[in-house]
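# Structure at a glance
For reference, the chains in residue letters:
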Amino acid sequence: MGIEKQYDSGDTAKKYSEASIENLEKDAGRRFIYEQISALSRTSRLLDVGCGGGIDLSAYSKMGFTNLAGIDSSRKFVDEAKETLKDTAELKEGTFECIPYEDGSFDVVTSRFALHYSKDIKKSLKEVARVLKSGGKFIAIVSNPVADAEEQKDTDGNITITLFNGKVTITFPQHSLDEYFSEEFLNDFTLETKYEYCGNEQDRAVSGLPNALAISAKRK
Ligand SMILES: C[S@@+](CC[C@H](N)C(=O)[O-])C[C@H]1O[C@@H](n2cnc3c(N)ncnc32)[C@H](O)[C@@H]1O
């Protein structure tokens, strides 16, 4: 099974959602995203890319956002999100590399722990820039490339780590900071916040080193 479909294997999606909900209160990354989101107009059209089972879209709906959409590469997660969100968000299968929306469709694009699964970060960020309106916000959390550089790469350039005390094993390409903060990205966006933190989701949190990277940026 390919990287973008790994959450469709067995009960990976279910295990991830259950553990993620248990971990909700301790999640510094979610606090970061929610703080940023809460400052935005409730009429903003918001897309969550790699929305998983819809935990975050559900939080945005509770905050009063009414124009919500989510995409995920995993069929199982899209079904779970539909079940959770009912008609409060438009949900479909889709990937960062080919976002199934027209140019300038959104005021906000969010993404929590999904972008690093992409093989092509530059192309994915170009897609985010394409679907955002000028002045729109991009708020994302990714696995920290500096921490990822410590992991052993396989022959395809991927690394494998565990989450939630070994409950979930995930594989994604090893990326460099340059791939995120490329010249193209900085041509399309003004970087507003860069926040590194040690999240509890990844088991390498025991090292205390920043294993996550959060960014917010404004579409030029
Ligand atoms: C760690 S889960 C995070 C789910 C959700 N954002 C959350 O925080 O609960 C990573 C998600 O990214 C999705 N994903 C993986 N590759 C993707 C891609 N290329 N484009 C969009 N989503 C992708 C996975 O299916 C999965 O739902």
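Let me begin by describing the structure that accompanies this report. Predicted model only: the values in this text are computed from it and were never measured.

Conventions used here
- Residues numbered from 1 in each chain as written.
- Predicted model: local features only at pLDDT ≥ 70, side-chain atom pairs only at ≥ 80, totals over all residues.
- Helix = DSSP H or I, 4+ residues; strand = E, 2+ residues; numbered from the N terminus.
- Buried ≥ 20, exposed ≤ 12 C-beta atoms within 10 Å, placed from the backbone.
- Contact = placed C-beta atoms within 7 Å.
- Axes fitted to C-alpha atoms, helices over the stretch in contact; angles between N-to-C directions.
- Parallel < 35°, antiparallel > 145°, perpendicular 65-115°, else oblique.
- Left-handed = near helix turned anticlockwise from the far one by under 90°.
- Nonpolar A, V, L, I, M, F, W, Y, C, P; charged D, E, K, R; others polar.
- Pairing = 2+ DSSP bridges.
- Core = buried A, V, L, I, M, F, W, Y, C linked by C-beta atoms within 7 Å.

### Remarks on the overall build of the protein chain
Along the protein chain, the regular secondary structure elements total 8 helices and 9 strands. Summarising its shape, the C-alpha atoms of the protein chain cover approximately 40 × 40 × 30 Å along the three principal directions. The proportion of buried residues among the 220 residues of the protein chain is 42%. At a minimum sequence separation of 6, the contacts of the protein chain that also span at least 24 residues come to 67%.

### A closer look at the packing of helix α3 (residues 55–63) against helix α4 (residues 75–85)
Axis separation between α3 and α4 bottoms out at 9 Å; the angle between their running directions is 25°. Viewed along their axes, α3 and α4 adopt a mutual orientation that is roughly parallel. Classified by chirality, the crossing of α4 by α3 is right-handed. Two secondary-structure elements touch here, α3 through Leu57, Ser58 and Ser61 and α4 through Ala81, Thr84 and Leu85. Its residues assigned to classes, the contact of α3 with α4 shows 3 nonpolar, 3 polar and no charged.

### Concerning the pairing of strand β9 (residues 212–219)
When you tally the buried positions in β9, you get 7 out of 8 residues, the bulk of the element. Of the strand pairs in this sheet, strand β5 (residues 132–143) and β9 are connected by 7 bridges, and their pairing is antiparallel. Across the sheet, residue lysine 137 finds its bridge partner in β9, namely lysine 218.

### Observations concerning the packing of helix α2 (residues 28–38) against α3
Viewed as axis vectors pointing N to C, α2 and α3 meet at an angle of 35°, and their least axial separation amounts to 11 Å. For α2 against α3, the interelement crossing comes out right-handed. Of the residues in α3, those in contact with Ile33, Tyr34, Ile37 and Ser38 of α2 are Asp56, Ala59, Tyr60 and Met63. Here the contact of α2 with α3 is composed, by residue class, of 6 nonpolar, 1 polar and 1 charged.

### What to know about the sheet that holds strand β1 (residues 45–49)
Pairing is mixed across the open sheet formed by 7 strands, whose spatial order is β3-β2-β1-β4-β5-β9-β8. The open sheet has two edge strands with one neighbour each: β3 (89–93) and β8 (189–197). Strand-to-strand twist across the sheet, computed as the mean angle between neighbouring axes with direction ignored, equals 15°. Here β1 runs beside strand β2 (residues 67–72); their pairing, made up of 5 bridges, is parallel. Opposite leucine 47, over in β2, you have alanine 69 as the bridge partner. Packing against the sheet, α2 makes contact with β4 (106–112), β5, β8 and β9, and its axis sits at approximately 170° to β5.

### Considering the nonpolar core
Counting 54 residues, the largest nonpolar core has Val109 and Phe138 as its most contacted members. In this view, phenylalanine 138 contacts Val109, Val128, Leu132, Phe189, Ser216, Ala217 and Arg219; residues no more than four positions away in its chain are not counted.

### Quick word on the environment of glycine 2
Among the secondary structure elements, glycine 2 is positioned in the segment before α1 (12–22). Between the alpha carbons of glycine 2 and phenylalanine 172 there is a distance of 9.9 Å; along the sequence they are 170 residues apart.

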